[in-house]
Amino acid sequence: MIKPSFVTDKFYPISFLDSNLYIQKGNKIGILDKDFNFQFMYDCPEKSLTELILQNFSITRRVLRKGSHRIAKIKNTFFLVFNSDIYYYDDNIKEFIKMGIPFKGSRPLNFNSSNEEIIFGEYFSNKKRSQPVKLFKIKGFNEFNLIHKFKKGDVRHIHNCLYDSHDCGWWILTGDSDSESRIYFLDNSGIKKILGGSQKYRCVEIIADDKLLIIPSDTPQEVNYIRTLNKSTLKIISNHKVSGSVFHAKKVESLYLVSTVTEPSTVNKTKKAFVYASTDGINWKEIFQINKDFFPVSIQKITRYTEIRLLGFLFNNNIVFEVRAAHGISHGTIMLNYNDVIKDIV
């Protein structure tokens, strides 16, 4: 089992942009330099005294879903999902400006860019499936539009929209029932369903390589697996059982990485979050685990599941994780040395 090369609860990572690791520390956003020092860049968008206090305590950030969730860029424009809104940074006035996009839900669950556009979907409860679910595109700081609407009853919500540079399009992941668990592909010709119809296609994040499609499941209804498909035939070529629902999957250099959370169910009873790694996308090994914090799993839907969120690039030859609701680290950063992981699994 790999030991962390770096651990802190003083700040947490948000995203990588332009080879920089963006982090939030208190109510400030900045980058981490090579000596692990915080370099201030921006004040957080919301600056009331109450907000400043909430941002400085990890437990309030966790429970109230506060803070910086994702950062993305379109060319030179900087976009931030903060608290429940999407902002862009105006270089002229040196402030974050709220975009006012009329999406349902507290925020997009994920937020990704192709560098030419950002596409994201609505993520809200929609238990009765009484509402349609929308996909939005952002093209610039003052340009966004609705690009697709799933009819009410069609899907519950959208888990992720991921750009595939190999096939020049977007993978759209929806949930939650068997019929709603689908994987779509969106490009200039429109949106097309590729896979779906069972819990094995219920996923929050996938890895789309040039030849492989790695689909780790996120279901409380069944045992979860990392399924690897041949991208041309869509035939499953590998199944690997994991200990919980998978929320995160990334490829970092030559490593494929997947991490689980402590989402409780009759089949997923773990009190730990796990990280699995592979060099070929087919053979997997557990490389890291962390225990939950002192809150019972039964109330972690409120206090947040124990979670290890993968970021997709190396920092000082380290794999970077945002860690939440774990033993000894309420909300912070863990890093694993890339070479140590390679040695452990090869």
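Quick look at the structure, then. (Residues numbered from 1 in each chain as written. Predicted model: local features only at pLDDT ≥ 70, side-chain atom pairs only at ≥ 80, totals over all residues. Heavy atoms only, no water.)

**Points about helix H4 (residues 338-345)**
How we decide: Buried residues are those whose accessible area, probed at 1.4 Å on protein chains only, stays under 20% of the maximum for their type, while exposed residues exceed 50% and partly exposed ones sit between those limits. Counting from the N terminus, the helices are DSSP H or I runs at least four residues long and the strands are E runs at least two residues long. The arc in question is traced by the directions running from the helix axis to the C-beta atoms.
If you check which residues of H4 are buried, you get Tyr-338, Val-341 and Ile-345. For H4, the angular spread of buried residues about the axis comes to 65 degrees, placing them on one side.

**Some points on a nonpolar patch on the surface**
For clarity, the cut-off: Only residues whose relative accessible area exceeds 30% and that form no salt bridge are eligible for patches; like-charged ones are grouped when within 9 Å, while nonpolar side chains (Val, Leu, Ile, Met, Phe, Trp, Tyr) are grouped when within 5 Å. Computed with a 1.4 Å probe, the accessible areas rest on the Shrake-Rupley method; for each residue, only the protein chains presented here act as cover. A pair is scored as a salt bridge if a Lys or Arg side-chain nitrogen falls within 4 Å of a carboxyl oxygen belonging to Asp or Glu.
A cluster of nonpolar residues, Leu-49, Ile-53, Phe-57 and Ile-59, forms a patch on the protein surface that exposes about 400 Å² of accessible area. Within the element layout of this structure, Phe-57 appears in the loop between helix H1 (49-55) and helix H2 (58-64). Phe-57 gets classed as partly exposed once you look at its relative accessible area, which sits at 48%.

**What to know about the pattern of salt bridges**
With the rule as written, the count across this model stands at 21 salt bridges. The closest approach of N and O atoms between Lys-47 and Glu-95, which form a salt bridge, is 3.2 Å. With Lys-47 in the loop between strand E5 (38-43) and H1 and Glu-95 in strand E9 (residues 95-98), this residue pair connects regions lying 48 residues apart in the sequence. Overall, Lys-47 belongs to the partly exposed group, its relative accessible area being 41%. Among the ionic pairs, Arg-324 bridges to Glu-322, the shortest N-O distance being 2.9 Å. A relative accessible area of 4% means that Glu-322 is categorised as buried. Three or more residues are tied together by salt bridges with common partners; here these are Glu-307, Arg-309, Glu-322 and Arg-324.

**Side note on the side chain of Thr-270**
Let me state the cut-off plainly: Each polar contact in these results corresponds to two N or O atoms within 3.5 Å; when the atoms are within protein, one needs to be able to donate a hydrogen and the other to accept it, and residues that are neighboring in sequence are counted only if both atoms are side-chain atoms. Throughout, a residue-residue contact means that at least one pair of heavy atoms, one from each residue, lies within 4.5 Å.
Secondary-structure assignment places Thr-270 in the loop between strand E23 (255-260) and strand E24 (272-278). Engagement of the side chain of Thr-270 in a polar contact is seen with the backbone nitrogen of Lys-272, the distance being 3.1 Å. Those residues within four positions of Thr-270 in sequence are excluded, and the remaining contacts are Ser-243, Val-261, Thr-262 and Val-297.

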